[in-house]
Amino acid sequence: MPRRTDLEHVLVIGSGPIVIGQAAEFDYSGTQACRVLRAEGLRVTLINSNPATIMTDPEFADATYVEPITPEYVAKVIAKERPDALLATLGGQTALNAAMALHDAGVLEQYDVELIGADVDAIRRGEDRQAFKDVVDSVGGESARSAVCHSMDECLAAVGELGYPVVVRPSFTMGGAGGGIAHDEAQLRRIAGSGLQASITTEVLLEESILGWKEYELELMRDRADNVVVICSIENLDPMGVHTGDSITVAPALTLTDREYQRMRDLAIDIIRAVGVDTGGCNIQFAVNPADGRIIVIEMNPRVSRSSALASKATGFPIAKIAAKLAVGYTLDEIPNDITRETPASFEPSLDYVVVKIPRFAFEKFPGADPYLTTTMKSVGEAMAMGRSFLEALQKAMRSLEAGHGGFWTTPDPDGATVESSLREASVPHDGRLLAVERALRLGATAEQVHAATAIDPWFVDQLQQLVELRAEIVAAPDGPLEEELLRAAKRTGCSDRQLAALRGTTEAQVRARRHELGVRPVYKTVDTCAAEFEARTPYHYSAYDEESEVAPSSRDKVLILGSGPNRIGQGIEFDYACVHACYALSDAGFETVMVNCNPETVSTDYDTSDRLYFEPLTVEDVLEVVHAEQLSAEQGGGRVVGVVVQLGGQTPLKLARELEDLGVPVVGTPPEAIHLAEERGAFGRVLADAGLPAPRHGVATSYDEAKSIADDVGYPVLVRPSYVLGGRGMEIVYDDEMLVGYIRRATEVTPEHPVLVDRFLEDAVEIDVDALYDGTDLYLGGVMEHIEEAGIHSGDSACSLPPTTLGRKDLERIRHSTEAIARGVGVRGLLNVQYALQNDVLYVLEANPRASRTVPFVSKATAVPLAKAAARVMLGATIAELRGEGLLPAVGDGGELPFDAPISVKEAVLPFGRFHGVDTLLGPEMKSTGEVMGIDAVFGTAFAKSQAAAYGELPTKGRVFVSVANRDKRAMLFPVKRLADLGFEVVATEGTAEVLRRNGVSVSVVGKHSDGRGDDVVPLVMAGEIDLIINTPWGVGARVDGYEIRTAAVTRGVPCVTTVQGAAAAVQGIEALVRGDIAVRSLQEHHAALAASTRAAQAAT
Amino acid sequence: MRAPAVLVLEDGRTFRGAAYGAVGETFGEAVFNTGMTGYQETLTDPSYHKQVVVMTAPHIGNTGVNDEDPESGRIWVSGYVVRDPSRVRSSWRAQRSLDEELVAQGVVGIAGVDTRAVTRHLRDRGAMRAGVFSGDAVADVDTLVERVRQSPEMVGADLAHEVTTPEPYVVEAEGERRFRVAAVDLGLKRATPRYLAQQGCEVHVLPATSTADDVLAVQPDGVFFSNGPGDPATTDGPVAIAQRVLEQRVPVFGICFGNQILGRALGLGTYKLRFGHRGVNQPVMERATGRVHVTSHNHGFAVDAPVDGTPVDTPYGRVEVSHVDLNDDVVEGLRCLDVPAFSVQYHPEAAPGPHDATGLFSSFAELMEGARASTH
Ligand SMILES: Nc1ncnc2c1ncn2[C@@H]1O[C@H](COP(=O)(O)OP(=O)(O)O)[C@@H](O)[C@H]1O
Ligand SMILES: Nc1ncnc2c1ncn2[C@@H]1O[C@H](COP(=O)(O)OP(=O)(O)O)[C@@H](O)[C@H]1O
Ligand SMILES: [Mg+2]
Ligand SMILES: [Mg+2]
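All of these numbers come straight from a predicted model, not from anything done at the bench.

Draft legend 1. Molecular detail of the overall build of chain A. On a plain count of helices and strands, chain A comes out with 37 helices and 39 strands. Rg of the C-alpha trace for chain A: 28 Å, near the compact-globule value of 32 Å for 1102 residues, within the 12% margin. Along the first, second and third principal axes, the C-alpha atoms of chain A reach 80 × 65 × 65 Å. Buried residues in chain A amount to 66% of all 1102 residues. Contacts in chain A between residues at least 24 apart in sequence constitute 71% of all its contacts with a sequence separation of at least 6. Counting every atom, chain A has about 35,200 Å² of accessible surface; 51% of that belongs to carbon and sulfur.

Below, the structure written as structure tokens:
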């Protein structure tokens, strides 16, 4: 059936900020969807509050609304745009839930908007756990025994039937939020309690535990002619009990006979039909009893999911793209497979390689968080790798993680590790469990023992056993260089040169030299969806130590762009955004773009983003081999490799810059020496000194005594941190010697190679973030962002506004001048990010990052200038003047001098505390946020209110506010709180705060301190939902018990909680805007047109 | 430590690896199979007789071997080419390892080969003769290539009689017996009579060498022609049977080789495909409904007929192409419009592969039902 002609205008809902369980993969799927729909000639309206996404680039939709994805705001967009249809199956759980809410509120009906992809009933049948079980039952499938409960009493009753351990699973949530495994009543009360909270239908499902069964996933697609295909089967190496998102997963399934696999496939197809997902993708999870093959259906997601993105990258079959085409009426057989071109999409991909995905965690950032893996997803990102064997893929994936180790054997075993201790460690799922499994086998555990301890399938255990045996051979091999046969064998199992060096007690360079001498190099195979049955048209490659390489010769000038690897806190989707823009800009400029990355969630790893895609780890070894392969391709075809871009993927590629250049790889843009100038404290200090720019007094210490003398010299409080870090890892504010001792003790590796930086901590300073472009002559000030929280809260975690709302002309001039001086002094060619702190009229330089920063996409969207594209061009030799001429940059002016009526954009960070029970939600110099949102409007208050609604839900306009602030904040807090009282808020405060407020004529009721333990404190009130807003600033030094308890309660109950004075002031402005109630939605295209107009006006005036 | 081995292709390309299964030498037509599951069914499918099968799936043998999944009494492939054989077997149904099974049945294989490279070669150059040599059989390449070139071609090979049952036998109907079906065994897979029996057919399996009289002597409600190895152009006996049966207007159903037999009986030609269809992911469209089924394939030859839907006149009335492969427009099914006969080139009985097309067995039942109604 051809495409439906009755559709002209489709509204696409994105997935909002990056949160655990819902990451970049939905930008990938949403971007594909928008592309497809526009290519079909449809008008596309998009709503997504996440500015770091490619999909919110103005060119991907006709109208792009960077507005909160709440029923209220989406309704405003619908009322304004009047789309015919709503596509909500590509924006994750967020979009699906928004669509359901709009349906229930009657908005879809009122404006006659058709839900395409999956209809309301299908979504209900798929998402509602009980309804789904009934479906499974109706097709003769089996589900785990369970009971739906709406209250704690029902839960306790149900457990009587099911017994412990019992699995708690809320409906309509994603990533297992609010779920878990309860082994006793206490745990049940805790888990089910928050589960009832998390579910928008206050409903949880208690389920019989089938821990330890094999877990599988199938990705299916169905068209409106009822053709169904299975795109990919995925097997979890971690058995049931560990969330798929947190499991090491493998594609295709490797331990099923055809009979079992076909049974699963038949079931899946019956289910998708019975649920009624009529067009598009869906994902169904199964558990298989290893003892008798009994299959239990776990759940389905009636939408494109995290796993769909993985499956797309794993097979080359673009699920989201096809889903969008199906949604507008095509059938699978009408859609060509763009990898083979000749064959249609109505087939099932066949893999002649193995894919392994490993999750990336961030427990180190959340001390106190439960580090064990369970049914609640906790990972913040993932790395994927492909190989011609399981071990090759597994080991590549492990080094892709950048998780502190370079794979097996690259970090020392824990002291006194034994078979028993290793087995015990392996028996509880946790980050890095595989290291314990390998260690256990290496120390002599039998495969049976490992299987018994972990329930990991014997086939996978044997694979690791084989690796352990190979290791023994390598270690036992005679001194000197390895024999070719053994070296090849090692490389075929995915061992890196670094791992081999570790085993042989030599250096990576020596192993590499030996390898090259023997000609032991990887070949590059192609992901083609069909196991080579047909020729592939898309150069989507992965390395393997095999015989034949498939890289085609090419005659064009190539640029390699190194991506940013797995998402993690501090290095997320923003960097992928910059890389993708580089691809676009450079291919427009006539280069052949070659992307190297290992993150399956991203747009950069979509095979049609760059001209060539290498799905590879971002290590020196793997990058060098890709460069070599591309140089061969150039030699054969008459092209050349003109450069490698390392500045856009964050710290990951930046770290490689120096070594790559030393090894003769042409690194373009800011040269490695310059990068060093900015990154190395001493060198950077000199740059600032030469430019006469002040920095907080600081020093570098390699021991406690050094640190102490620096502290005495610059004076407490000081900020201490390890050098060369991103996202403020291990950064702390230290107020006295005692804390300093503690820090140095904890910061394990303090050595001359890894010194600690000690800075004077600037209190009550305004922090300013700047993104700029420099070509050696001219500076283009991309944007100046004023932070809402004071310096001391990581730039990645604090809200900020652009243009700055309280900085004057003079400040901006100073900022421009300082930024230019730094750019010149460092020798930047491309992007530069500088963070300043303005303290009693002194502009201190906190740090400079000679690379794309987290804020580049935000700045680009706020100012309508494609900064990353321009940067890529500058790195390859274009000047800012030329780019202004081309129109890639504005003819005159820049982000530092926006017209007065320019819209105000507010960026707000989104924090994952809800996922980590018992973790303090207080912000500090160490970054903790997973994502961000943008609120844009004519005035600050409204923009801020939007940012809050997008990040945490609407600010309250009435009700009860609880105030409890540190002494130093009491004065500053007066005005905003008084204002809230005037707006009709009832004020509750702790003793000290209450006094000050009363004395200033604010009527307050007092509550006790939690620490007094009289139970008359605010925590019970918060838990009882009687508090609507919390203003609670840290108690300065020492124990923050109360604040901690209060903020934890706030997170549990989802009550907005402001932890800084500045934040409170902003919140009040936002609340005022809400009270005025005149909040409108406006598309980026409209904002940008207006901005352009007033810029022209302003120029005409001068 | 496995003995060295080499895969030698007729055009001189060689791939080195290690012995897998039995050590020695073997010859056959090199073909590749893209299925990711079902190696046991594949190995025991008689249609692979005299073929050296290259598996594109990199890990083979993971679930071992059991006595339930074989599609016939033995392994038929003449040689087996894999990349990464499993040391262990991981399945609650496994009884032996695949390696043991290959040795026990004397099947010479080779492991550690860049199977993707082999596959791309066969894809571009077409299926060709090959030899696998391991242990002492490994000699200098030129001699080996020579010996491969002396081995028999697949074109013109009449192989059905080599794989068929020596004696007739009967598979009882499941539940009440509704039909009696004569199944001409040209390389029958076990799954097929199972599906027929489920339709209430009492299946009389007859040797490929049977005559039309033998078949009609069963007094069948319908006649079935199975899958099987070899070049359909040379398999005349079964074609003669089909023609007699068509004259008698006895309902006919054919699968794979059976499709080619029906085609020839109707006077259509057959030809060899460059590299054939072997796998479990082929999209086949049923013309009448537009429905696409993902189907299991194993054929190197195909029927030559117009795929644009125009019926062809034959001595038995009009026939039309009922199914086409959407990958390459190869004829995947025939339907007679004036006599009760139809056939498909692919495998509705799956094993291995998807069950999308099992409905064809009930179609056969309906055809027999209808024929009965019209005669009484
Ligand atoms: N009955 C059960 N027993 C043991 N583990 C389970 C059970 N049900 C689910 N799980 C585990 O919990 C994980 C999350 O469950 P799932 O239903 O997929 O929730 P989500 O919607 O978060 O994906 C699954 O991947 C599985 O490993
Ligand atoms: N001397 C200082 N005084 C006050 N706050 C500081 C100081 N140095 C850093 N900070 C705070 O710490 C945060 C992280 O420091 P930064 O140097 O930017 O590290 P990162 O490389 O992680 O971005 C900054 O955003 C700022 O809020
Ligand atoms: Mg799930
Ligand atoms: Mg910073």
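There is more to say, and it comes next.
Draft legend 2. Up close: the sheet that holds strand S38 (residues 1029–1032) of chain A. Residues and elements named next belong to chain A. Ordered by their spatial adjacency, 5 strands build an open sheet running S37-S36-S35-S38-S39, and the pairing between neighbours is parallel. The open sheet has two free edges, formed respectively by strand S37 (1004–1007) and strand S39 (1057–1058), since each of these has just one partner strand. In this structure, S38 lies alongside S39, joined through 2 bridges in parallel fashion. Within S39, the residue paired with Ile1030 across the bridge is Cys1057.

Draft legend 3. Structural context of the interface of chain B and chain A. In this complex, chain B contributes 54 residues to the contact, which on the side of chain A involves 64 residues. Buried area between chain B and chain A, both sides added, is near 4,900 Å², and the carbon and sulfur share of it is 45%. The tally of links from chain B across to chain A stands at 15 salt bridges. Residues Glu548 of chain A and Arg120 of chain B are paired through a salt bridge, measuring 2.7 Å at the closest nitrogen-oxygen approach. Only strand S2 (14–21), helix H3 (115–125), strand S15 (269–286) and strand S16 (291–304) of chain B provide two or more residues apiece to the side of chain B that touches chain A. Here the side of chain B that touches chain A is composed, by residue class, of 19 nonpolar, 20 polar and 15 charged.

Draft legend 4. View of the coordination of the magnesium ion (ligand 3). For the magnesium ion (ligand 3), the protein coordination sphere consists of Gln285 of chain A (OE1) and Glu299 of chain A (OE), at 2.1 to 2.3 Å. Of this pair, Gln285 of chain A sits in strand S13 (residues 280–288) while Glu299 of chain A sits in strand S14 (residues 295–301), and the two are 14 residues apart along the sequence.

Draft legend 5. A look at the coordination of the magnesium ion (ligand 4). Residues and elements named next belong to chain A. Coordination of the magnesium ion (ligand 4) by the protein comes from Gln835 (OE1), Gln835 (NE2) and Glu847 (OE), over a distance range of 2.1 to 2.5 Å. Of this pair, Gln835 sits in strand S31 (residues 830–839) while Glu847 sits in strand S32 (residues 842–849); the two residues are 12 residues apart in sequence, bridging distant segments of the chain. Given a relative accessible area of 9%, Gln835 falls into the buried group.

Draft legend 6. Spotlight on the pairing of strand S14 (residues 252–255) of chain B. Residue and element names in this part refer to chain B. Alternating residues of S14 divide into Val252 and Gly254 and Phe253 and Ile255, and every residue in both groups is buried. Of the strand pairs in this sheet, strand S13 (residues 222–225) and S14 are connected by 3 bridges, and their pairing is parallel. Within S14, the residue paired with Phe225 across the bridge is Gly254. For the handedness criterion, the β-α-β arrangement of S13, helix H8 (residues 236–247) and S14 is classed as right-handed. Bridge analysis of S14 against strand S20 (residues 341–344) gives 4 bridges, and the strand direction is parallel. From the neighbouring strand, Gly254 faces S20, where its bridge partner is Ser343.

About the thresholds
- Residues numbered from 1 in each chain as written.
- Chains lettered and ligands numbered in written order.
- Predicted model: local features only at pLDDT ≥ 70, side-chain atom pairs only at ≥ 80, totals over all residues.
- Heavy atoms only, no water.
- Helix = DSSP H or I, 4+ residues; strand = E, 2+ residues; numbered from the N terminus.
- Rg over C-alpha atoms; globule rule 2.2 N^0.38 Å.
- Buried < 20%, exposed > 50% of the residue type's maximum accessible area, 1.4 Å probe, protein only.
- Contact = heavy atoms within 4.5 Å.
- Areas by Shrake-Rupley, 256 points an atom, 1.4 Å probe, with all protein chains shown as cover.
- Pairing = 2+ DSSP bridges.
- Buried area = accessible area lost by both parts, 1.4 Å probe.
- Salt bridge = Lys/Arg side-chain N within 4 Å of Asp/Glu carboxyl O.
- Nonpolar A, V, L, I, M, F, W, Y, C, P; charged D, E, K, R; others polar.
- Donors = N, O, S within 2.8 Å, 3.2 Å for Na, K, Ca; no water.
- Right-handed = clockwise from strand over helix to strand, strands pointing away.

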